[in-house]
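Residues per chain, in single letters:
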Amino acid sequence: MTRIGERKKVEELRKEIRRHEHLYYVATKPEISDFAFDQLMAKLRRLEETHPELVSSDSPTQRVGGTPLDSLRQVQHATPMLSLDNSYNEGDLEEWLGRVRRGLGREPAGLVAELKIDGVSLSLTYENGGLQRAVTRGNGEIGDDVTANARTIRSLPLALPDRPTAIEVRGEVYLPHEVFRELNRSRREEGEEPFANPRNAAAGSVRLLDPHECGRRRLAFFAYQVPRAEGLSFASHSETLERLAAWGFAVNPGWLRCSGLEEVRAFIGQWGERRARLGFDIDGVVVKVDNLEEQRALGATSKFPRWAVAYKYPPEGEKTRVRGIVVQVGRTGALTPVADLEPVSLAGSTVSRATLHNADEVARLDVRVGDVVWVAKGGDVIPKVVAVDPAGRAVDSEPFRMPERCPSCFTTVVREPGEVVARCPNRRCPAVRRQRLFHFVSRGGLDVEGLGRRFIDQLSQAGLLEDPASLWDLDAARLAELPQWGDTSAAKLVEQIAAARKRPLWRLLVALGIRHVGEKAAKVLAAKFGSLVALERASTEELEEAEGIGPTIAMSVAAFFTDEEAQALLCRLRKRGVDPHEVVQAPKTEGRPLLGLTFVLTGTLSRPRESVAGLLEEAGARVADNVSRRTSYVVAGEDAGSKLERARSLGVTVMDEHGLRTFLGERRIAW
Ligand code: IVH
């Protein structure tokens, strides 16, 4: 083929892939199976590998690339990214429209009502149709350059079809509910703090330093504004939204041109009812003057444009007052602000504490001591502060600031980029040590009965608990002398602690609090390696050979075993007989052609999923619930959803049912 011929073929293939990406991620109406899509991508990859000179930065193969950064570069916005003035009732909306009328000296030509997406705003710059730069809002004037991360967002085009010379697009990055649930599920499993809500997760994810990790977070984007477009002119906001959609952006679903407030009210009512079923968070409706000339005439205050207003839906939950805000230190050193509340009855229980999650959430809510707030139970039933009632604020109230030093040991706290939590880095911090001890003996850890927080504190204060190993030094006679202890209870506890020596290895691994190692990973590692010493000797590559163990867990385990303090603890534990060994069974291979392979089944197959899973397992495969980079194949039936998307973003091979049958046939496994 001639060079021109190859170029043409590559371009046509890209065009086709972009069309399918758009159908899948923006229009949500895919035309081809995921298997077929993966084959198109594989074909393009092969062509680009053979002709590297044809690779271009806007190719669909180039969404994830580059190495992790050390820090994010700060960039000044061409025009400030403002915020929106809030309204809470229809009277506020009337007042806003009154100000618009007075500003224009007449009725505005029209209004646009659209959903207020609860995410984080992002500014994108395209030059000659290619995405050049993505910058977070930051303080409105200066934001962080997150271009590599933005490129991983599939509902955002890398190239615009008519190649406009220079445009800026602004919009909202958000996390769909389904993705958020899955992300928090795996964070909990790895012993990481779950994100407070999808907005908080989106904010953390877009600022990650590793674009690969960001790609795995599966962020999404809605475009809502074009503040700059060289050589193009739009007459109205509605025209802009239409053009954004034509360029391939996902735009706010259901946006509506309204002639007056009557229609805006109907829009607010309709979406208020549909809100719970949307699949992503909205916190209100934005009402904008449609005509751009009128927008320019109205201008902006230093904070808000005068041509737009946000209507906020009333928060859920019950109202109460914040008596104080305390900052707790967790076992990983994470600082969590917690609101101390006037007791309030909420879904069948009395609540007097509610988490404020982290500094970002406190800043977003602007919760202050003395404020009247709404408290609701989240999906995980943990009470949360969801909003502040501005009417209940005292004039002399002061914003709450997260401490810059650990409240327990006064060490300066650190916050890594992309992390939503600030941590106390001091390993000797008394609060961290206390939480670690408690975790060590807790039900999820070594499960020592009869050792609650109160006793841990009592024993620590009495100087009897230095570290977890000193549990096995406790002497029944000495214990019995302590207040509230007697001979029987002391003897019983010592017996319980002695029995904990025999707990399975996985429990000890969880109890040690190795970052990213939750119950699931601990069980896998224990089964494969059988002892602490075998784990200590394993390289990261060997660790990664274990099912479900990726580089993050492997590196964390390796780091733990090379840490001096951890080594000292393990040595002290061994001396006290705490060193569980388990028999590692070599996997049986004969008659099991799929041994070592992991499948994830998703969507509807022609046979019940359990029966297909049984067939695969009989042939030696593992069938997992969730897709990870260790997954060998994802089998996608009809209407496959987020697992399929995850497989694609991780580059896991996807096959449809037909593909699976062929695969099994080739290995002489009967369907
Ligand atoms: S228009 C002032 N439209 O809400 C800048 N903003 O609370 C014009 N937001 O910073 C913004 N959905 O991040 C606009 N449909 C929408 C929006 C929206 C969410 C965010 C945006 C803004 C914040 C203000």
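Note: the structure precedes this text.
Residues numbered from 1 in each chain as written. Predicted model: local features only at pLDDT ≥ 70, side-chain atom pairs only at ≥ 80, totals over all residues. Heavy atoms only, no water.

## Here's the deal with the environment of Ile17
Operational definition: Counting from the N terminus, the helices are DSSP H or I runs at least four residues long and the strands are E runs at least two residues long. Contacts are residue-level and defined by heavy atoms, with any inter-residue pair within 4.5 Å sufficient.
Positionally, Ile17 belongs in helix H1 (residues 3-26). As for Ile17 and Pro60, which are separated by 43 residues in sequence, their C-alpha atoms are 7.3 Å apart. Once you skip the residues sitting within four places of it in the chain, Ile17 turns out to touch Phe37, Leu40, Met41, Leu44 and Pro60.

## Digging into the site of the ligand
The test is simple: It suffices for a single heavy atom of a residue to lie within 4 Å of a molecule or strand for the residue to be listed as near it. For this analysis, a polar contact is any N or O atom pair within 3.5 Å, provided that within protein one partner can donate a hydrogen and the other can accept it, and provided that sequence-adjacent residues contribute only side-chain to side-chain pairs. Where accessible areas are quoted, they stem from the Shrake-Rupley method and a 1.4 Å probe; at the residue level, only the protein chains shown are allowed to cover.
Close contacts around the ligand come from 14 residues, with Glu114, Leu115, Ile117, Glu172 and Lys288 the closest. Leu115 places a main-chain nitrogen or oxygen 3.0 Å from a nitrogen atom of the ligand. The contact in question runs from an oxygen atom of the ligand to an N or O atom on the side chain of Lys116, over 3.0 Å. The fraction of the free accessible surface of the ligand (520 Å²) that becomes covered by protein chains is 91%. Residue assignment for the shell around the ligand shows that the elements contributing at least two residues are strand E3 (111-117) and strand E10 (282-289).

## Side note on the environment of Glu12
Positionally, Glu12 belongs in helix H1. Expressed as a C-alpha distance, the spacing of Glu12 and His77, which sit 65 residues apart in the sequence, is 35 Å.

## Here we look at the sheet that holds strand E18 (residues 622-624)
Put simply, the rule is: Pairing between strands is defined by DSSP: at least two bridges between the two strands are required. Axis lines are fitted through C-alpha atoms, for helices just across the contact stretch, and the angle between N-to-C directions can take any value from 0 to 180 degrees.
Sheet architecture is open: four strands sit in the order E18-E17-E19-E20, paired in parallel fashion. For this open sheet the edge positions go to E18 and strand E20 (653-655), each flanked by a neighbour on one side alone. If you compare each strand with its neighbour and ignore which way they point, the axes differ by 30 degrees on average. The pairing of strand E17 (residues 598-602) with E18 spans three bridges and is classified as parallel. Considered in E18, the bridge of Thr598 is made with Arg622. Running at roughly 170 degrees to E17, helix H22 (residues 609-618) makes contact with E17 and E18 of the sheet.

## Points about helix H17 (residues 519-529)
Filter applied, for reference: A simple rule labels every residue: compare its accessible area, found with a 1.4 Å probe on the protein chains alone, to the largest value its type can have, and call it buried under 20%, exposed over 50%, or partly exposed in between. Relevant arc is that of directions from the helix axis to the C-beta atoms, nothing else.
Considered for burial, the residues of H17 that qualify are Ala521, Ala522, Leu525, Ala526 and Phe529. Seen end-on, H17 carries its buried residues on one side only, within an arc spanning 130 degrees. On the buried face of H17, the contacting elements are helix H5 (177-189), helix H16 (505-511), helix H18 (532-537), helix H19 (540-544) and helix H20 (551-562). Once H17 finishes, Gly530 follows within two positions and takes phi at roughly 80 degrees, a positive value.

## Some thoughts on the sheet that holds strand E11 (residues 308-312)
Strand order in the open sheet formed by five strands is E2-E11-E10-E3-E9, with mixed pairing between adjacent strands. In the strand order of this sheet, the two ends are held by strand E2 (86-87) and strand E9 (256-258), each with one partner. Alignment of E3 against E9, held across three bridges, turns out to be antiparallel. Directly across from Val112, in E9, lies its bridge partner Arg257. The sheet contacts of helix H8 (residues 237-247) involve E3, E9 and E10, and relative to E3 the element is tilted by about 50 degrees. Its contacts with the sheet place helix H9 (residues 261-274) against E3, E9, E10 and E11, and it is angled at close to 25 degrees to E3.

## Observations regarding unusual backbone geometry
Even without being glycine, Arg163 reaches a positive phi, approximately 45 degrees. On the secondary structure map, Arg163 appears in the loop between helix H4 (147-150) and strand E7 (166-174). Given a relative accessible area of 45%, Arg163 falls into the partly exposed group.

## Structural notes on the nonpolar core
Convention followed: To define a nonpolar core, start from buried Ala, Val, Leu, Ile, Met, Phe, Trp, Tyr and Cys residues and group those joined through side-chain atoms within 4.5 Å.
Phe440, Leu451, Leu512 and Leu573 are the most contacted members of the largest nonpolar core, which has 53 residues in total. Sort the elements by how many residues they give to this core and H16 lands first, with six residues. Not counting residues up to four positions away in its chain, the partners in contact with Phe440 are Gly445, Leu446, Asp447, Pro468, Leu471, Trp472, Leu508, Ala511, Leu512 and Leu573. Counting 44 residues, the second largest nonpolar core, distinct from the first, contains Val146, Leu175, Val206 and Val421.

## Here we look at helix H3 (residues 90-104)
Let me state the cut-off plainly: Multiplying 1.5 Å by the residue count of a helix minus one yields the expected span of that helix.
The first and last C-alpha atoms of H3 sit 21 Å apart over 15 residues, in line with the 21 Å expected at 1.5 Å per residue. Of all the positions in H3, only Leu93, Trp96, Leu97, Gly98, Val100 and Leu104 are classed as buried. Contacts made by the buried residues of H3 are with E2, E3, H9, E10, helix H10 (292-298) and E11. Here H3 starts with a cap whose side-chain oxygen sits 3.1 Å from the backbone nitrogen of Gly91, and that cap is Asn89.

## A look at the side chain of Glu657
Checked against the element boundaries, Glu657 lands in helix H24 (residues 657-666). Setting aside chain neighbours within four positions, we find Glu657 in contact with Leu605, Ser606, Ala636 and Trp671.

## Let's talk about the pairing of strand E14 (residues 349-355)
Taken residue by residue, a regular strand's side chains alternate between the two faces of the sheet. With six bridges joining them, strand E13 (residues 335-346) and E14 adopt antiparallel strand pairing. When the sheet's bridge partners are listed, Val344 is paired in E14 with Val351.

## Side note on the packing of aromatic side chains
This is how the line gets drawn: Ring pairs are drawn from Phe, Tyr and Trp, using the six-membered ring of Trp, whenever the two centres fall within 6.5 Å, and their geometry is named by plane angle: stacked under 30 degrees, edge-to-face over 60, tilted for the rest. As a reminder, the over-ring test applies to NZ of lysine and CZ of arginine, requiring each to be within 6 Å of the ring centre and within 35 degrees of the ring normal.
Summed over all chains, the structure comprises 15 aromatic pairs. On the basis of an interplanar angle of 55 degrees and a centroid distance of 6.4 Å, the ring pair of Phe221 and Phe249 is categorised as tilted. Note that Phe221 is positioned in strand E8 (residues 220-229) and Phe249 in the loop between H8 and E9, a separation of 28 residues in sequence. Accessibility expressed as a relative area gives 0% for Phe221, which makes it buried. Feature note: the residues Tyr126, Phe221 and Phe249 constitute an aromatic cluster, connected by ring pairs. In this structure, Arg648 packs its charged tip against the face of Tyr24, placed 4.4 Å from the ring centre.

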